[in-house]
Amino acid sequence: MDWDYPQGAGPEGIFEIGRRLAEHIGRIPDATTFTNDAREMLRLTRRVEAEARGGRLFVGFQNARKLELERARYESLVADSTQVIAFGEGQLQQPIDGLEYRSLTQDHRRLANNWFLVTDAPERVAFVSWEIRDAGSFGEGGAATPGKAFVGFVTDDPGVVAELASVLGTWG
């Protein structure tokens, strides 16, 4: 499936992702909610982190600096035997023991370069989003920074989570 955000699309591009996904899995995904509220998205990321504890977590940070800001949280997840595979543009200043970091080239439409959390064990839940505003400020500031805009969805549909985990496992 093509997980790249549609070129030139605004917020409505998320529905093209949804259409592609439904076509790919042969049905409308179960228990999938679309959102563009940055504070709700942050709450959802904390839910996925909690669900992943002791299992496996794929997580996108947009860039290495954002992961550096969350270092203590992710060191704690790794200490609790969570297998963490993190993605972002650039390099970490210092590696995080036990965390696999996959440095990416710049591509703001690609899912792996955006903000997501996907866990398929012990629970299955995914939050994925794309930053859709000014490419010049991509990955800068926090989710609620004025002028920022994200669109995405959260799901616990086993087929969707399995598809995301499969695709993310091959990237980087």
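Coordinates for the structure precede this section.
This one's a predicted model, so the numbers in the text were calculated from it and none came from an experiment. (Residues numbered from 1 in each chain as written. Predicted model: local features only at pLDDT ≥ 70, side-chain atom pairs only at ≥ 80, totals over all residues. Heavy atoms only, no water.)

A.B. asks: I would appreciate a short explanation of helix 1 (residues 13–25) in the present structure.
C.D. replies: Think of an α-helix as 3.6 residues a turn; residues three or four steps apart then line up on the same face. Its 13 residues give helix 1 an end-to-end C-alpha distance of 19 Å, which sits within 8% of 18 Å, the value for a rise of 1.5 Å per residue. Residues Gly 13, Ile 14, Ile 17, Gly 18, Arg 20, Leu 21 and Ala 22 constitute the buried set of helix 1. For helix 1, the secondary structure elements touched by its buried residues are strand 1 (32–35), strand 6 (125–131), strand 7 (150–155) and helix 5 (158–170). Backbone geometry just downstream of helix 1 places Gly 26 in the positive-phi region, at approximately 80 degrees. (Helix = DSSP H or I, 4+ residues; strand = E, 2+ residues; numbered from the N terminus. Expected span 1.5 Å × (residues − 1). Buried < 20%, exposed > 50% of the residue type's maximum accessible area, 1.4 Å probe, protein only. Contact = heavy atoms within 4.5 Å.)

A.B. asks: What exactly am I supposed to notice about the pairing of strand 6 here?
C.D. replies: On a regular strand, each side chain points to the face opposite its neighbour's, so the side chains alternate between the two faces of the sheet. Among the seven residues in strand 6, seven count as buried, and that is most of the element. As paired elements, strand 5 (residues 115–121) and strand 6 share five bridges and run antiparallel to each other. Paired with Leu 117 across the strands is Phe 127, a residue of strand 6. With antiparallel pairing between neighbouring strands as the criterion, strand 5 and strand 6 make up a hairpin whose turn holds three residues. (Pairing = 2+ DSSP bridges.)

A.B. asks: Whenever I open this one, the nonpolar core confuses me. Can you help?
C.D. replies: If you look at soluble globular proteins, the nonpolar side chains tend to sit buried side by side. Within the largest apolar cluster, 27 residues are counted, with the highest numbers of intra-cluster contacts made by Trp 3, Phe 87, Val 118, Trp 130 and Phe 153. Elements that contribute at least two residues to this core include exactly helix 1, strand 3 (83–89), strand 5, strand 6, strand 7 and helix 5. Take this core: its biggest share by element is six residues, from helix 5. Excluding anything up to four places from it in sequence, Trp 3 contacts Ile 17, Arg 20, Leu 21, Arg 109, Leu 111, Trp 130, Phe 153, Glu 163, Leu 164, Val 167 and Trp 171. Ranked by size, the runner-up nonpolar core spans 24 residues in total, among them Met 41, Leu 57, Trp 115 and Val 154. (Core = buried A, V, L, I, M, F, W, Y, C linked by side-chain atoms within 4.5 Å.)

As far as function goes, none of this settles anything; it's purely spatial.
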